[in-house]
Amino acid sequence: MAVCVAVIAKENYPLYIRSIPTENELKFHYMVHTSLDVVDEKISAMGKALVDQRELYLGLLYPTEDYKVYGYVTNSKVKFVMVVDSSNTALRDNEIRSMFRKLHNSYTDVMCNPFYNPGDRIHSRAFDSMVTSMMIQVC
């Protein structure tokens, strides 16, 4: 089960963070921000290959005892981070990848909105409902 979804801007500030158990919200914010170092390492390690392959999915960034943190980066260097409950062993890598593609498509829809200023926090009800359905669907 996905417990936290975050969209991080190119300059590493959050555009959107949503977590389901609100009592651990600060813990998930910390996990997302600590994962940004791993994202930067993976991007710099890929270097030119990232542009050539068009592979946006970064895979498992790091596991903890209770959660696994996955990453995805767009062509414009916007980062998506997803925290998944480790107890859900039925969730495979290709399912995580498809969830990131769905998140990227919804993010693209937000960017295409003429009333959205790039770099502002995301306050779209359609984006929020898509993230919520994605988090509930994985349960």
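In this text, all values refer to a predicted model and were calculated from it rather than measured experimentally.

Notes on the pairing of strand β5 (residues 79–85)
- Where burial is concerned, most of β5 is hidden: six out of the seven residues are buried.
- Sheet analysis places strand β1 (residues 2–8) next to β5, joined by six bridges and oriented antiparallel. The residue of β5 that forms the bridge with Cys-4 is Val-83.
- In this sheet, β5 lies alongside strand β4 (residues 67–73) in antiparallel orientation, the contact comprising seven bridges.

Quick look at the nonpolar core
- Counting residues in hydrophobic clusters, the biggest one holds 28 residues, and the most contacted among them are Val-7, Phe-100, Leu-103, Ile-122 and Phe-127.
- Mapped onto this core, the elements with two or more residues apiece are β1, β2 (14–19), β4, β5, α3 (93–111) and α4 (125–137).
- Element by element, the count of residues in this core is highest for α3, at six residues.
- Contacts of Phe-100, omitting those with residues within four sequence positions, involve Tyr-57, Tyr-70, Gly-71, Tyr-72, Phe-80, Val-81 and Met-82.
- Of all hydrophobic cores here, the second largest spans 20 residues; its members include Ile-17, Val-32, Leu-61 and Val-73.

A look at the side chain of Ser-35
- Here Ser-35 lies in helix α1 (residues 25–46).
- There is a polar contact of 2.5 Å between the side chain of Ser-35 and the backbone oxygen of Val-32.

Some details on the environment of Val-3
- Among the structural elements, Val-3 can be located in strand β1.
- Overall, Val-3 belongs to the buried group, its relative accessible area being 4%.
- Taking the C-alpha atoms as reference points, Val-3 and Met-46, separated by 43 residues in sequence, lie 28 Å from one another.
- In this structure, Val-3 is in contact with Arg-18, Ser-19, Ile-20, Pro-21, Phe-28, Tyr-67, Val-83, Asp-85 and Met-135, ignoring residues within four places of it in sequence.

Concerning the pattern of salt bridges
- Within this structure, the stated rule accounts for two salt bridges.
- A salt bridge links Asp-93 to Arg-97; its shortest N-O distance comes to 3.9 Å. Residue Asp-93 and its partner Arg-97 are both found in helix α3; the two are separated by four residues, about one turn of the helix.

A closer look at the packing of aromatic side chains
- Applying the stated criterion across every chain, the model contains six aromatic pairs.
- With a centroid separation of 5.9 Å and 50° between ring planes, the pair formed by Tyr-57 and Phe-100 is classed as tilted. Of the two residues, Tyr-57 is situated in strand β3 (residues 57–63) and Phe-100 in helix α3; the sequence distance between them amounts to 43 residues.
- Judged by centre distance (5.5 Å) and plane angle (75°), the rings of Phe-80 and Tyr-107 are edge-to-face. Separated by 27 residues along the polypeptide, Phe-80 in strand β5 and Tyr-107 in helix α3 bring together distant segments of the chain. Tyr-107 matches Phe-80 in its accessibility class, with the two residues each being buried.
- Site record: aromatic cluster; members linked through ring pairs are Tyr-57, Tyr-72, Phe-80, Phe-100 and Tyr-107.

Considering the sheet that holds β2
- Read across the sheet, five strands follow the order β2-β1-β5-β4-β3 without closing on themselves; strand pairing throughout is antiparallel. The two strands at the open ends of the sheet, each matched to only one other strand, are β2 and β3. The mean inter-strand angle of the sheet, taken between neighbouring strand axes irrespective of direction, is 15°.
- Those strands touched by α1 are β1, β2, β3, β4 and β5, and its axis lies near 125° from that of β3.
- Relative to β5, α3 is tilted by about 140°, and along the sheet it contacts β1, β2, β3, β4 and β5.

Cut-offs applied
- Residues numbered from 1 in each chain as written.
- Predicted model: local features only at pLDDT ≥ 70, side-chain atom pairs only at ≥ 80, totals over all residues.
- Heavy atoms only, no water.
- Buried < 20%, exposed > 50% of the residue type's maximum accessible area, 1.4 Å probe, protein only.
- Helix = DSSP H or I, 4+ residues; strand = E, 2+ residues; numbered from the N terminus.
- Pairing = 2+ DSSP bridges.
- Core = buried A, V, L, I, M, F, W, Y, C linked by side-chain atoms within 4.5 Å.
- Contact = heavy atoms within 4.5 Å.
- Polar contact = N/O pair within 3.5 Å; in protein donor to acceptor, adjacent residues only side chain to side chain.
- Salt bridge = Lys/Arg side-chain N within 4 Å of Asp/Glu carboxyl O.
- Phe/Tyr/Trp six-rings, centres within 6.5 Å; stacked < 30°, edge-to-face > 60°.
- Axes fitted to C-alpha atoms, helices over the stretch in contact; angles between N-to-C directions.

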